[in-house]
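# Geometric and topological summary
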Amino acid sequence: MESHYEALGLSSDADERAVRRAYRTLLKEHHPDQGGSRERFLRIQEAYEAIIGERAPNEQTDGGAITRGNDGSRHRHEPTYEPDEFDEGRTHELTVSGEYLSLTLAGLVHGVDLASLVDGPVTAATTRTVAFFRVRNESDRPLSWQGKTNTSFFGDDGFLYEGSSIVTPHATDLPDRWTGTDAELEPGSALDGVVIAQEIPDGVTLDQVMYTQHVPRTDSDGLADTERYLFELKPLVRERLDRLPFARD
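Calculation criteria
- Residues numbered from 1 in each chain as written.
- Predicted model: local features only at pLDDT ≥ 70, side-chain atom pairs only at ≥ 80, totals over all residues.
- Heavy atoms only, no water.
- Buried < 20%, exposed > 50% of the residue type's maximum accessible area, 1.4 Å probe, protein only.
- Helix = DSSP H or I, 4+ residues; strand = E, 2+ residues; numbered from the N terminus.
- Pairing = 2+ DSSP bridges.
- Phe/Tyr/Trp six-rings, centres within 6.5 Å; stacked < 30°, edge-to-face > 60°.
- Salt bridge = Lys/Arg side-chain N within 4 Å of Asp/Glu carboxyl O.
- Core = buried A, V, L, I, M, F, W, Y, C linked by side-chain atoms within 4.5 Å.
- Contact = heavy atoms within 4.5 Å.
- pLDDT = per-residue confidence, 0-100.
- Expected span 1.5 Å × (residues − 1).
- Polar contact = N/O pair within 3.5 Å; in protein donor to acceptor, adjacent residues only side chain to side chain.

## Some details on the pairing of strand β6 (residues 127-137)
Within a regular beta strand, the side chains point alternately toward one face of the sheet and then the other, so they alternate between its two faces. Burial runs high along β6: nine of the 11 residues are buried. Examined bridge by bridge, β6 and strand β11 (residues 190-196) share seven bridges and lie antiparallel to one another. Bridge pairing in β11 places V130 opposite I196.

## Side note on the packing of aromatic side chains
The geometry of two aromatic rings is summed up by the distance between their centres and the angle between their planes. Counted according to the given criterion, the structure contains six aromatic pairs. On the numbers, 5.3 Å between centres and 85° between planes, the contact of F132 with W178 is edge-to-face. Taken together, the residues F132 in strand β6 and W178 in the loop between β9 (160-162) and β10 (183-185) connect sequence positions 46 residues apart. Since its relative accessible area comes to 1%, F132 is described here as buried. Overall, the relative accessible area of 2% leaves W178 in the buried class. Measuring from centroid to centroid gives 5.8 Å for F133 and W145, while their planes differ by 65°, and the two rings are edge-to-face. Of this pair, F133 sits in strand β6 while W145 sits in strand β7 (residues 143-145); the two residues are 12 residues apart in sequence, bridging distant segments of the chain. W145 shares its class with F133; the two are buried. A connected cluster of aromatic rings, assembled from ring pairs, spans F133, W145, Y211, Y229 and F231.

## Thoughts on the pattern of salt bridges
Evaluation of the coordinates by the stated rule reveals seven salt bridges. Of the charged contacts, one joins E2 and R40 as a salt bridge, the two residues approaching to 3.3 Å between their closest N and O atoms. One end of the pair, E2, is in the segment before α1 (4-7); the other, R40, is in helix α3 (residues 38-55), and 38 residues separate them in sequence. As a salt-bridge pair, E46 and R43 come within 3.2 Å of each other at their nearest N and O atoms. With E46 and R43 both in helix α3 and three residues apart, this pair spans about one turn of that helix. Residue E46 is classed as partly exposed on the basis of its relative accessible area, which comes to 45%. Where salt bridges share partners, they join E2, R40, R43 and E46 into one cluster.

## Concerning the nonpolar core
Within the largest apolar cluster, 28 residues are counted, with the highest numbers of intra-cluster contacts made by F133, W145 and F153. Counting residues per element, the ones that place at least two in this core are β5 (101-113), β6, β7, β10, β11, β12 (206-216), β13 (223-232) and α6 (235-241). Residue contacts for F153: discarding those within four places in its chain leaves L108, A131, F159, L160, Y161, E162, G163, V195, A197, L206, Q208 and V209.

## As for the confidence of the model for the protein
On average, residues of the protein score 80 in pLDDT, and 77% of them are at 70 or above. Counted against residues more than four places away or in other chains, residues 56-76, with its pLDDT under 50, gives 41 contacts. Considering only residues more than four positions removed or in separate chains, one finds that residues 85-89, a stretch of pLDDT under 50, has five contacts.

## Considering helix α2 (residues 16-30)
Residue pairs three or four apart in sequence face the same way in an α-helix, which turns once every 3.6 residues. Here α2 contains 15 residues, and its C-alpha end-to-end distance of 21 Å stays within 8% of the 21 Å for a straight helix at 1.5 Å per residue. Those residues of α2 not exposed but buried are E16, A18, V19, R20, A22, Y23, R24, L26, L27 and H30. The backbone nitrogen of A18 lies 2.8 Å from a side-chain oxygen of the residue at the head of α2, namely D15.

## Here's the deal with the sheet that holds β5
Strand-to-strand pairing in sheets goes through backbone hydrogen bonds, with the strands running parallel or antiparallel. The strand order across the open sheet formed by five strands is β3-β11-β6-β5-β4, and the pairing between neighbours is antiparallel. Two strands bound the open sheet, and with one partner strand each, they are β3 (80-81) and β4 (94-97).

## Observations regarding the side chain of Q213
The residue Q213 is located in strand β12 in this model. Of note is the side chain of Q213, whose polar atom sits 3.2 Å from the side chain of Y211. The residues touching Q213, leaving out its near neighbours within four places in the chain, are L101, L143, S144, D225, T226, E227 and Y229.

This is the structure in structure tokens:
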């Protein structure tokens, strides 16, 4: 019977990076939407999940991002961090500051292959527009970051496109500190958030991206305030933002 490694075309001593690379390549090649065999597609997913599950049986997926140490070990950390840990001097990024947040659009990248973005099986072979935000809580109270729910993409076709949940099961399995999960931001803390847009038709250009921060009352139900962060996307700005804010493997 074919082993899980054989299903991915690998030897049993293949390292994790080789497993992920083979999985991504085969997933695209055999996806039913691309004319591949559904049976083979499911076998590739089964093999990948079994191998990764054997290597990290105790790994949780309920928050935080994953990094890999020099020894090849994997470590999960919380999605938030102290902002002075990272250099903020990136000239091509756009920043809008308000009473509650300082929000930087670090990238607005079109045609991102979702299967190559996340470390996990994506149910649809597709490319999407992806927004990368650097977020800092400038207020004196905890705030909730809800990127997928509260981000809007405005097209030149007059339509509004919202965030998508297409990779929600793997929202923590993104490069570096990037995360697609909701998170609580303590005063002064920061987060690198990823928002994947709904499918945008070919030929549509995005004119604006907006994030809305809802601030609840501290003493009762309801909202105390709402603040909106609007990014105007001129042609040169769109060109500069159309790059991933991290290095690919």
